Amino acid sequence: MDLFSSTHNALENLLPFDGIVQYHGVIFSSEKADYFFQRLLETIEWRQDEAILFGKRIITKRKVAWYGDQTFEYTYSNTTKKAFPWTPELLVLKKIVESESGETYNSCLLNLYHNGDEGMAWHSDREKDLKKNGAIGSLSLGAERKFAFKHKRSGEKRELKLEHGSLLVMTGTTQSHWLHRLPPTKKIITPRINLTFRTIVQ
Ligand SMILES: O=C(O)CCC(=O)C(=O)O
Ligand SMILES: [Fe+2]
């Protein structure tokens, strides 16, 4: 194996089995990360998220937005969303994440967590519209938060911190075998933006 053929191959896998998760660490200078954080806060069409849980409609405190190559319709949490066309900043970020991860993406789901009270419960990203075993490139901006993985059968866990301006890439069978979550925390009182670049097939 040629370890030096591309940087992403040389990164260690955070999962012990049944999937691949690679933390690329901080990929932006802090000035650039601050800049993108501020621009996204101002330019993204942030909306509260709707979900249907056990037949009940709930509204999350966390805000979300979805962008893509076309005005895709995409179903998750039992509701259908429409994607906005890429903004200039998102196109720049998409290209950077594509070259850093060695993958391509045609859509992006953005999450805005106003503070540590807001998080995301255990789930996997395997909606029917997502490419099976496709890569998910997850860019973090703002407050540093913990992120955790739990194996669906064995319950085995892995945890890491997602730094300001960092990239995490999930590939292979990760979504079939592992759940992930962003735990809430009383310690964090500042906002965080997360962008997950994905591939939708329709
Ligand atoms: O906020 C994060 O780091 C992850 C978000 C996530 O898991 C998702 O949008 O599916
Ligand atoms: Fe997710």
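For the structure itself, consult the block above.
This structure is a prediction, so every number in the text was calculated from the model and none was measured. Each chain has its residues counted from 1, following the order in which its sequence is written. Each chain is given a letter, starting from A, and each ligand a number, starting from 1, according to the order in which they appear as written. Owing to the predicted nature of the model, reporting of local features is limited to residues with pLDDT of at least 70; listing and counting of side-chain atom pairs is limited to 80 or more, with chain, interface and lining totals taken over all residues.

### Notes on the overall build of the protein chain
So, step 1. Elements are defined by DSSP. Helices are runs of H or I of four residues or more, strands are runs of E of two residues or more, and each kind is numbered from the N terminus. Summing up its helical and strand segments, the protein chain has 4 helices and 14 strands in all.
So, step 2. The globule rule puts the C-alpha radius of gyration for 202 residues at 17 Å, and the 16 Å found for the protein chain is close to it.
So, step 3. Considering only C-alpha atoms, the protein chain reaches an extent of 50 × 40 × 40 Å along its principal axes.
So, step 4. Sorting the 202 residues of the protein chain into buried and exposed places 32% on the buried side.
So, step 5. Taking contacts inside the protein chain between residues at least 6 apart in sequence as the whole, the part at least 24 apart equals 76%. Within these notes, the globule rule equals 2.2 Å times the number of residues to the 0.38 power, and the radius of gyration is based on C-alpha atoms. Comment: burial labels come from other C-beta atoms within 10 Å of the residue's own C-beta, placed from the backbone, where a count of 20 or more is buried, 12 or fewer is exposed, and between is partly exposed. C-beta atoms are placed from the backbone for every residue, and two residues are taken to be in contact when these atoms lie within 7 Å.

### Let's talk about the sheet that holds strand E8 (residues 120-123)
So, step 1. Within the open sheet, the 4 strands sit side by side as E8-E13-E10-E11. Their pairing is antiparallel. Lying at the two open borders of the sheet, with one neighbouring strand each, are E8 and strand E11 (157-162). Ignoring strand direction, the axes of neighbouring strands in this sheet form an average angle of 15°.
So, step 2. Paired strands, as defined in this entry, are two strands with at least two bridges between them according to DSSP. Of the strand pairs in this sheet, strand E10 (residues 145-151) and strand E13 (residues 178-182) are connected by 4 bridges, and their pairing is antiparallel. Of the residues in E13, the one forming a bridge with Ala148 is Arg181. Axes here refer to lines fitted to C-alpha atoms; in helices the fit is confined to the stretch in contact. Angles between the N-to-C directions go from 0 to 180 degrees.

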